[in-house]
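Each chain is listed here by its residues.
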Number of protein chains: 2
Amino acid sequence: MLANFLPCIDWMRTYNSRTLTDDLVAAVIVTIMLVPQSLAYALLAGVPAEVGLYASMMPLVLYTVFGSSRTLAVGPVAVASLMTASSIGSLGLETADQYLQAAMVLAMLSGLFLLALGILRFGFLANFLSHPVVSGFITASGIIIALSQTRHILGISGGGDNLPELIGTMLENLGSTNTSTFAVGIFALGFLTVARVWLKKWLSMMRVPDFMAGVITKAAPVMAVIITIIWADVASLGEQNVALVGMIPAGLPSLMIPALDVGLVRELMLPAILISVIGYVESISVGKTLAAKRRQKINQNQELIGLGTANIASALSGGFPVTGGFSRSVVNFDAGAQTPAAGFFTAIGIAIATLTLTDYLALLPKATLAATIIVAVLGLVDFSILKKTWNYSRNDFIAVAVTIGVTLISGVEIGVSTGVFASLVLHLYKTSRPHIAEVGEIKGTKHFRNIKRHKVETSPSVLSLRVDESLYFANASYLEEEIFRNLSERKNLKHIVLMCTAVNEIDISALEVLESINEILKEQGIGFHLSEVKGPVMDHLENTHFLHSLNGQVFLSQYQAVQSLALEDTLLSL
Amino acid sequence: MLANFLPCIDWMRTYNSRTLTDDLVAAVIVTIMLVPQSLAYALLAGVPAEVGLYASMMPLVLYTVFGSSRTLAVGPVAVASLMTASSIGSLGLETADQYLQAAMVLAMLSGLFLLALGILRFGFLANFLSHPVVSGFITASGIIIALSQTRHILGISGGGDNLPELIGTMLENLGSTNTSTFAVGIFALGFLTVARVWLKKWLSMMRVPDFMAGVITKAAPVMAVIITIIWADVASLGEQNVALVGMIPAGLPSLMIPALDVGLVRELMLPAILISVIGYVESISVGKTLAAKRRQKINQNQELIGLGTANIASALSGGFPVTGGFSRSVVNFDAGAQTPAAGFFTAIGIAIATLTLTDYLALLPKATLAATIIVAVLGLVDFSILKKTWNYSRNDFIAVAVTIGVTLISGVEIGVSTGVFASLVLHLYKTSRPHIAEVGEIKGTKHFRNIKRHKVETSPSVLSLRVDESLYFANASYLEEEIFRNLSERKNLKHIVLMCTAVNEIDISALEVLESINEILKEQGIGFHLSEVKGPVMDHLENTHFLHSLNGQVFLSQYQAVQSLALEDTLLSL
């Protein structure tokens, strides 16, 4: 029973020394990857470097207890960090401390929102973010993130959370490029790109075992960090105005409750919801993918609770919004993590790093972190979804194109909201103009198919229309128009049969339209029949007068309808 | 060709002395009805009385030229006037002239919006206002209007655009009731109520011909107006602080362009859209009803153009938002109007009234106008839609209840927006959790029906699921969960057949879920088949790799699927 709320009880039962070893190995590898990433995403979010480390401790512990994925690696991620920067940046706060407080409030609100969704079992809400919208959004975010980090490579000031602003400020300040910073940045970019593209291949050629080759490749950012720290020390880069991470307070975060100022809460409410939903969708999709590989299950609502508590923990320990990261989770999985305990051990690893490495990290050039981010996010940029949707369906394509375009031009919040809105509107528009096919029998099969697609038999006195959509307020008048349009094209028509195989609902607006169609057909002496009405729809209709006033019958099958109406006509004509 | 844009060309071709006589008679009757109504709705909208008259001239002329309904009577109506008052009232304007300018801007924006919708052929947008939402909204508006007029009957000050405010200010000021005003108000209310409920019956008993009885009944407001004007004159009601209409500038409106202040335009944009859409829906529904009675047709987009030009004309001649009124159109129709020329003659009638009657109308007590409004709008209040939807479908009921509740508590704009939003969300929620039925064959019929509703035959190795909804992003993961839930309950399962009779679309998000289901089933050695896939859906699927990688087949019919899979099993077990 308790295991329903605490998924950890489940895996703890079978925990043994073998799982422990696997989890420890994975934790070491993820820690090595996470140290530079956590600093980098803090930079991206606009908070002090140590905040990235803080957000990589307590949240992981809480997710270990409450999360339902065995291998998801929670912590700071690129898109959520960008969204944090974008939403807090627009508040116009004055001091760095206010900014940090706002980031904590944002994490708290996200956490509470996710937790509430999970407890209320509202996980299904995330389904309204369609796959094309999410893909398009992540691609556009990747471009924005990469561009926003370019100024750290150049050592210039600038800002903005959309393409026009970013490019504008960058061109303005291009003249003040700091050559030392640029040298470090270009070196780090080159080093990481080479590592990403060729290192694993080279290692394989040198017969390094695959697993080791993978670990070494993933450790490339750490190597870049070490090399540029030494460079900064030896060449005294700080004196040449190269931006360094600077003093990080050594020691673990202390627990604190962020000041929940009412005005601030109101302004951050919508951004918090957007960050939560995007983070959750990103997280659940990687979680599901990994779980499926090992035949494990993800519980959507439990996942919301896990991510919710992780964000609340982040807020209470001085961190910013976190979620399950894609690449880090894949590394965790590939490194052999068996249970969420790997996350717990990672948190310990980050704690050790925070206690011991701060003196060295102070010398780290920000350009190195920027290079780490750029190389990581360019992996997210993938325009193939445009081609894929173009080939498959125009509506899906429009949704992706709108999401990418608006995100690039107006920033992440408006971008993703517009994308969701556009995909819903397109869906509603489509259902508001349903496909209505005239059907006939494929000779001798009792099967009724579209007369335009199949060779079928029809009767001149019976018009059979199949409506390929539920009938509801948005398409009821369209149906009416189509029926009368068909009617005006026919002479000698005696019966109209509405084949309802695809009608899953008839709402009251549609019912009233059907009643009015029935009245008009009755006046014109034309029978109005239904066939193949589904059980749930019939249940509703039976509560109304419609069936009594129907100028015709309800047939179990379209075949029966046509047979019986044709027979009736024959008898009448005798 | 030109008749496509100017529907008047169509009816002018056959215009003759007989149609002229019919239209003139109807115009006289409608004019008699419209004089007090136009003054009353101006009072309701919060603009000077003459503005009501102005809004009843030029708009009617333009609608005569551009409208597609033969019998719609355009002009000031109750709900649009209330919405005008509510949206301008919230701007906090200081002078009466600013208020009037804002009303003209509102009419201009409404007109431009309607015209744009019509030209872009976006008339279908109105379909998203479901019948329950419109009914609920009109009922709630009727209550608000009646309550807002009660203060004129009592002769007290007050205001507000929702129930709590209206009741609050009324109770506050109840002590300062003006007895003379109250006397006039109660007389007018009683007179109009008696006329509405009993007059026609009495006249019939006295063998007055039906048509004449109808005219006399409709003229009751004019009689109330005449009686109370005489009363005001004889008893010098003005000196007893009874609010009178006061001086109306004699003469026709002059053309003027409202000052389109940018700030004002921005604030009135959303209200203008709401007024337009509500007005259009009200108008088109009465237009369609009347047209159907005479086998005429209404063109949705032309109707938008007609109403759009009418509103622009109203703005340019000093008026406020207008639309097709329900009761007035019915009177016009019953009085025998044959063509929109009746509207043109009505406009002339109003012009004559404006030129000749202003001295008399100055003495008219506002209480009489308030009584006219109250008696008219109480006819709109109809709670039966609550009972009807309750019996039919819970979703429709919730939409009505939400619309009525929010409109009463928070006012018209929030009310109708919330109603539309609620009905769309309810619809989307419903489609996000589709009905999925396991089906079997009704013995010997080749018909497959829900195993829970019909006596059917199934095979232990084949699971046939019928999904009663299009597959799209919002329900794709629900389908996945349901399939695996069904799977986990079955042993010895060899095939899953998805019966797609009700699947009208598979979007790319759903396609990806189907691909992942297919992969997982393939690993488990279970076949994944589709049956009865519709043409348009198949067209899309054929553009993808899905059909090639499908671990099974696509069958034309469910019967073929089951037959062939059962046969295969038999052959394999030999």
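Now for a look at the structure at hand. The shown structure was predicted, so the numbers you read here are calculated from the model rather than taken from an experiment.

Helix and strand counts for chain A come out as 25 helices and 8 strands. With the principal axes as the frame, chain A shows a C-alpha extent of 110 × 60 × 60 Å. Within chain A, buried positions represent 57% of all 574 residues. For chain A, the accessible surface area stands at approximately 23800 Å², while carbon and sulfur atoms represent 63% of it.

Further remarks concern the state of the cysteines. On inspection of all chains with the given rule, the structure shows 0 disulfides over all chains. Cys500 of chain A supplies the cysteine sulfur nearest to Cys500 of chain B, a cysteine that is in no disulfide, at a spacing of 19 Å. For Cys500 of chain B, a relative accessible area of 4% puts it in the buried group.

The next subject is the relation of the copies chain A and chain B. Each copy superposes on the other: chain A lies on chain B with an RMSD of 0.2 Å after a rotation of 179° and an axial shift of 0.1 Å. Such a turn and shift between the copies fits a two-fold axis. Of every C-alpha in chain A, the one belonging to Ala502 of chain A sits nearest the axis of rotation, 1.9 Å from it. Mapped onto chain B, 98% of the interface residues of chain A are again interface residues, and the two copies thus contact each other with one and the same surface.

Attention now moves to a nonpolar patch on the surface. Taken together, the side chains of Val194, Val197, Trp198, Trp202, Met205 and Met206 of chain A define a hydrophobic patch exposed on the protein surface, amounting to about 650 Å² of accessible area. For Val194 of chain A, a relative accessible area of 30% puts it in the partly exposed group.

Attention now moves to the environment of Asn486 of chain A. Residue and element names in this part refer to chain A. Mapping Asn486 onto the fold places it in helix H21 (residues 476–488). Sequence separation of Asn486 and Ile496 is 10 residues, and the distance between their C-alpha atoms is 10.0 Å. Setting aside its immediate chain neighbours within four residues, Asn486 contacts Leu463 and Leu465.

Residues and elements named next belong to chain B. Residues other than glycine seldom take positive phi values, yet Arg207 does so here, at roughly 60°. Inspection of the secondary structure assignment puts Arg207 in the loop between helix H9 (179–205) and helix H10 (210–218). With a phi close to 65°, Asn241 is a non-glycine residue in the positive phi region. According to the relative accessible area criterion, Asn241 is exposed, its value standing at 65%.

Once that is clear, we can look at the pattern of salt bridges. Scanning the model with the defined rule gives 22 salt bridges over all chains in all. Here Lys443 of chain A ties to Glu457 of chain A by a salt bridge, and the two come within 3.9 Å at their closest N and O atoms. Of this pair, Lys443 of chain A sits in the loop between strand E3 (436–442) and strand E4 (447–450) while Glu457 of chain A sits in the loop between E4 and strand E5 (462–467); the two residues are 14 residues apart in sequence, bridging distant segments of the chain. Among the ionic pairs, Lys534 of chain A bridges to Asp468 of chain B, the shortest N-O distance being 3.2 Å. On the criterion of chain membership, the pair formed by Lys534 of chain A in the loop between strand E7 (527–531) and helix H23 (535–541) and Asp468 of chain B in the loop between strand E5 (462–467) and helix H21 (476–488) is interchain, its members lying in two chains. Each member of the pair Lys534 of chain A and Asp468 of chain B is classed as buried. When salt bridges that share partners are traced, they join Arg466 and Asp468 of chain A together with Lys534 of chain B into one network.

On to the sheet that holds E5 of chain A. Residue and element names in this part refer to chain A. Strand order in this open sheet of 6 strands is E4-E3-E5-E6-E7-E8, and the pairing throughout is mixed. Looking along the sheet, the strands with just one partner apiece sit at the ends: E4 and strand E8 (554–555). In the sheet, E5 pairs with strand E6 (residues 495–499) via 5 bridges, with the strands oriented parallel. Each bridged residue has a counterpart across the sheet, and for Arg466 the counterpart in E6 is Met499. Against the sheet, helix H22 (residues 508–523) touches E6 and E7, its axis set at about 140° to E7.

This part takes up the packing of aromatic side chains. Considering all chains together, one arrives at 12 aromatic pairs over all chains under this definition. Pairing Phe187 of chain B with Phe191 of chain B gives two aromatic rings, centres 5.7 Å apart and planes at 35°, and the pair type is tilted. Pair noted here: Phe187 of chain B and Phe191 of chain B are both in helix H9, with a separation of 4 residues, about one helical turn. The interplanar angle of 70° and the centroid separation of 5.8 Å between the aromatic rings of Phe187 of chain B and Trp231 of chain B together place this pair among those described as edge-to-face. In this pair, Phe187 of chain B is assigned in helix H9 and Trp231 of chain B in helix H11 (residues 220–234), connecting sequence segments 44 residues apart. Look at Phe187 of chain B and you get partly exposed, because its relative accessible area is 27%. Using a relative accessible area of 28% as the deciding quantity, one classes Trp231 of chain B as partly exposed. Of the aromatic side chains, those joined through ring pairs into one cluster are Phe187, Phe191 and Trp231 of chain A.

Glancing now at the side chain of Asn475 of chain B. All names here are of chain B. For Asn475, the position within the fold is in the loop between E5 and H21. Taking relative accessible area as the criterion, Asn475 reaches 0% and is therefore assigned buried. Those residues in contact with Asn475, other than ones at most four positions away along the chain, are Thr431, Ser432, Pro434, Glu469 and Ser470.

This part takes up the sheet that holds strand E3 (residues 436–442) of chain B. Residue and element names in this part refer to chain B. Strand order in the open sheet formed by 6 strands is E4-E3-E5-E6-E7-E8, with mixed pairing between adjacent strands. In this open sheet, the two edge strands, each paired with only one partner strand, are strand E4 (447–450) and strand E8 (554–555). Two strands pair when backbone bridges link them, and E3 and E4 are joined in this way by 4 bridges, in the antiparallel orientation. Bridge pairing in E4 links Val439 to Asn450. Packed on one face of the sheet, helix H22 (residues 508–523) meets strand E6 (495–499) and strand E7 (527–531) and runs near 140° to E7.

What follows is about the interface of chain A and chain B. If you look at the interface, chain A gives 64 residues, while chain B gives 64 residues. Of the roughly 5900 Å² buried between chain A and chain B, counting both surfaces, carbon and sulfur atoms make up 55%. When the area that chain A buries against chain B is broken down by residue, the three leading residues are Tyr392, Phe473 and Ile508 of chain A, summing to 14%. The interface formed by chain A and chain B includes 8 salt bridges. Taking the shortest distance from any N to any O, the salt bridge between Glu505 of chain B and Lys430 of chain A comes out at 3.6 Å. At the junction of chain A with chain B, the criterion picks out 27 residue pairs in polar contact (both at pLDDT 80 or more). Taken together, the elements giving at least two residues each to the side of chain A that touches chain B come down to helix H7 (131–154), helix H12 (262–293), helix H18 (384–392), helix H20 (412–432), E4, H21, H22 and H23 of chain A. Each residue belonging to the side of chain A that touches chain B can be placed in one class, and the counts come to 20 nonpolar, 24 polar and 20 charged.

Each value, and the rule that gives it
Residues numbered from 1 in each chain as written. Chains lettered and ligands numbered in written order. Predicted model: local features only at pLDDT ≥ 70, side-chain atom pairs only at ≥ 80, totals over all residues. Heavy atoms only, no water. Helix = DSSP H or I, 4+ residues; strand = E, 2+ residues; numbered from the N terminus. Buried < 20%, exposed > 50% of the residue type's maximum accessible area, 1.4 Å probe, protein only. Areas by Shrake-Rupley, 256 points an atom, 1.4 Å probe, with all protein chains shown as cover. Disulfide = S-S within 2.5 Å. Least-squares fit on C-alpha atoms with pLDDT ≥ 70 in both. Contact = heavy atoms within 4.5 Å. Patch = residues over 30% accessible without salt bridge, like charges linked within 9 Å, V, L, I, M, F, W, Y side chains within 5 Å. Salt bridge = Lys/Arg side-chain N within 4 Å of Asp/Glu carboxyl O. Pairing = 2+ DSSP bridges. Axes fitted to C-alpha atoms, helices over the stretch in contact; angles between N-to-C directions. Phe/Tyr/Trp six-rings, centres within 6.5 Å; stacked < 30°, edge-to-face > 60°. Buried area = accessible area lost by both parts, 1.4 Å probe. Polar contact = N/O pair within 3.5 Å; in protein donor to acceptor, adjacent residues only side chain to side chain. Nonpolar A, V, L, I, M, F, W, Y, C, P; charged D, E, K, R; others polar.

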